Every structure is written in C-alpha cells, then in structure tokens.
Amino acid sequence: MAETAATPKIVKFIITRQDDPQGSPYAEEFDLAYRPGMNVISALMEIQRNPVNAKGDHTVPVCWDSNCLEEVCGACSMVINGKPRQACAALIDNLEQPVHIEPMKTFPVVRDLVIDRSRMFNALKQVKAWIPIDGTYDLGPGPRMPEKKRQWAYELSKCMTCGVCLEACPNVNEKTNFIGPAAISQVRLFNAHPTGEMNADERLEALMEDGGIDGCGNSQNCVSACPKGIPLTTSIAEINKQTTKHMFKRWLGV
C-alpha cells in the first residue's frame, strides 16, 4: 500500500501536431507527473523543457503561442478536449483524462498548435475597428460617453481577438468568407463611441458586403464559447437592425 500511495499521478496528453503548414497532422502522446494547480500551458512548458514522448523517445518540442498567461492576450487559444478555449485558464484538475489538445481548425496551422489568425485581423481592418483621432490632438478634449452607454460598451471592449468565437461558429470555415461575430461586435462598440460614430456608416457598409452580417446563421455558439462572456448575439442583433435601417436610408437617399 505504501508503494501505491507513493506512486506519482500521471497525466496523459494527446497532442495533435503538424510540422509545417503543408504537413499532415499526427498525434503524439506525452505522460507528465501531476502537480497541483497545473494548467495546459504549464504542461506544454514541461514538455518543452523535456521533450520525451510517452514511448520514451526524444522528440521535437511542441510549438504553441502564449503571452500574458492570465486570459487577457488571447494568444493561447486551442481546442482542449473538443472545446476551443484559452490554455492558460484550462486547469488539469477540471479536465477529463487523457487531455486532447489540438490547434483551432478555423485558422491555417503554422506549426503544431500555432495558428495564423490573419482572418480575424483582416476582418477588423475591413470594418475599421478603431477610433480615427490622427490630427485631432489640438482640438481639445473629445466628447464624453454617457455612463450608461459606457458600461455596456466596456463589456464589448473585453474582446481579446482570441478567435474562439470563430472556431465555435459553424458559419466560419474555409468555404465561406463570413466575417465572424468578433468583428460585428466591434462595429457595435466603435459605432457607440461619440467620436467613432462619425464613421458608423462606413462600418455598416462593410458589414453589408459579401461575407458580412448576412452570413450569420444564428447558431449562438459564439456567445456560449466566448471566454470573456461578451454578449455577441446581442451585438449581432443590434447591428442587424442598424444595417437594415442604413439600407432603407440608402434606398430613400436620406
């Protein structure tokens, strides 16, 4: 009994790997000694320090993205046990064993768990997800946002461009050019800003183009998957209303 009690608990990881963008994915297993408070990122760090797989063979360290390690940057998005989420917030104690780790499939794989999120960043460029203030430094303070509006706008500003909502959305895939829920929600955020609303029509026009808001199938997967709890479906509904009004105004020449 003493030997059994002293035997360290082993956590098994099955990681989907890919050597390069053109390579074929394959699975590799790793066994790690359990530690209290262990999360997926700490496990990947351990594998990086000692890249020995479950067969005892030395292998190439697993590649992944991470930055803040506190669910703010969005860089460590991956699919863990079939669910897209942040690896830094995925505690081993809360995960079913063995732990399956895969890259998100919505984005091109660069290597192993590293993905190219250009699709998201290009979407933000398309809808001009910023406040144009260049050259306004000498105009004095800008208009203040009413507190009531600021409170719900702050919730939208929590978006960390992690890509989880796009991974969860069935309408975002290689066969469509749907812009995705994150960019739509950012249009609502910047159109609500007293300065940003000056370019509101441009953002709405961008969402009325091919691949815009009409690509949403209302599956509502995005809002349930968002790690920051952003009300994405509320934003989609509001922007849908705004684009409809804008369309009628354009027809009427208002």
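Under an unreviewed UniProt entry, the name given to the protein chain is succinate dehydrogenase, and the organism recorded is Paenibacillus monticola. In its Sequence similarities (unreviewed entry) section, the UniProt entry covering the protein chain states "Belongs to the succinate dehydrogenase/fumarate reductase iron-sulfur protein family."

**Q** Help me understand the pairing of strand β5 (residues 99–102), please; the structure alone is not making it clear to me.
**A** Put simply, side chains in a regular strand alternate between the two faces of the sheet. Of the two faces of β5, only one is covered, namely that formed by Val99 and Ile101; the face formed by His100 and Glu102 stays uncovered. Two elements, strand β1 (residues 10–17) and β5, share 3 bridges in a ladder whose sense is parallel. Counted as the bridge partner of Ile14 is His100 from β5. Two strands pair when backbone bridges link them, and strand β3 (residues 77–80) and β5 are joined in this way by 2 bridges, in the antiparallel orientation. Directly across from Val79, in β5, lies its bridge partner Glu102.

**Q** Sorry if this is basic, but what is going on with the layout of surface pockets here?
**A** Summary: where empty space remains is shown by rolling a probe the size of a single water molecule over the atoms. What the largest pocket holds in volume is close to 280 Å³. Forming the walls of the largest pocket are Trp152, Arg188, Asn191, Ala192, Ala200, Asp201, Leu204, Glu238, Gln242, Lys245, His246 and Lys249. Listing elements by their share of the lining of the largest pocket, those giving two or more residues are α6 (181–192), α7 (200–207) and α9 (232–252). Per-element accounting of the lining of the largest pocket gives the leading share, 5 residues, to α9.

**Q** For this particular structure, what's the right way to read the domain arrangement of the protein chain?
**A** Reports often express the size of an interface as the amount of accessible area lost when the parts come together. Along its sequence, the protein chain is carved into domain 1 (10–115) and domain 2 (117–134 + 143–252). Here the C-alpha centre of domain 2 lies 30 Å away from the C-alpha centre of domain 1. With 15 residues of domain 1 at the contact, the number on the domain 2 side is 13 residues. In total, domain 1 and domain 2 occlude about 1,200 Å² of area from one another, counting both sides; carbon and sulfur atoms represent 59% of this. The interface formed by domain 1 and domain 2 contains 0 salt bridges. Our enumeration of links across domain 1 and domain 2 arrives at 6 residue pairs in polar contact (both at pLDDT 80 or more). Those elements giving two or more residues to the side of domain 1 that touches domain 2 turn out to be β3 and β4 (83–86). Counting residues per element, the side of domain 1 that touches domain 2 draws most heavily on β4, which supplies 3 residues.

**Q** How should I be thinking about the packing of α6 against α7 in this particular structure?
**A** Taken N-terminus to C-terminus, the directions of α6 and α7 make an angle of 165°; their axes are 10 Å apart at the nearest point. By the angle between their axes, α6 is roughly antiparallel relative to α7. As α6 runs across α7, the sense of the crossing is left-handed. Across the interface between the two elements, Ile184, Val187, Phe190 and Asn191 of α6 pack against Ala200, Arg203, Leu204 and Leu207 of α7. Here the contact of α6 with α7 is built from residues that sort into 6 nonpolar, 1 polar and 1 charged.

Parameters at a glance
- Residues numbered from 1 in each chain as written.
- Predicted model: local features only at pLDDT ≥ 70, side-chain atom pairs only at ≥ 80, totals over all residues.
- Heavy atoms only, no water.
- UniProt positions renumbered as here; feature names shortened; annotations may be inferred.
- Buried < 20%, exposed > 50% of the residue type's maximum accessible area, 1.4 Å probe, protein only.
- Helix = DSSP H or I, 4+ residues; strand = E, 2+ residues; numbered from the N terminus.
- Pairing = 2+ DSSP bridges.
- 1 Å grid on protein atoms, 1.4 Å probe; cavity = no way out; pocket = protein on both sides within 12 Å on 5 of 7 lines; lining within 4 Å.
- Points joined across faces, edges and corners; volume = space filled by probe spheres on them.
- Domains from an automatic or database assignment.
- Contact = heavy atoms within 4.5 Å.
- Buried area = accessible area lost by both parts, 1.4 Å probe.
- Salt bridge = Lys/Arg side-chain N within 4 Å of Asp/Glu carboxyl O.
- Polar contact = N/O pair within 3.5 Å; in protein donor to acceptor, adjacent residues only side chain to side chain.
- Axes fitted to C-alpha atoms, helices over the stretch in contact; angles between N-to-C directions.
- Parallel < 35°, antiparallel > 145°, perpendicular 65-115°, else oblique.
- Left-handed = near helix turned anticlockwise from the far one by under 90°.
- Nonpolar A, V, L, I, M, F, W, Y, C, P; charged D, E, K, R; others polar.

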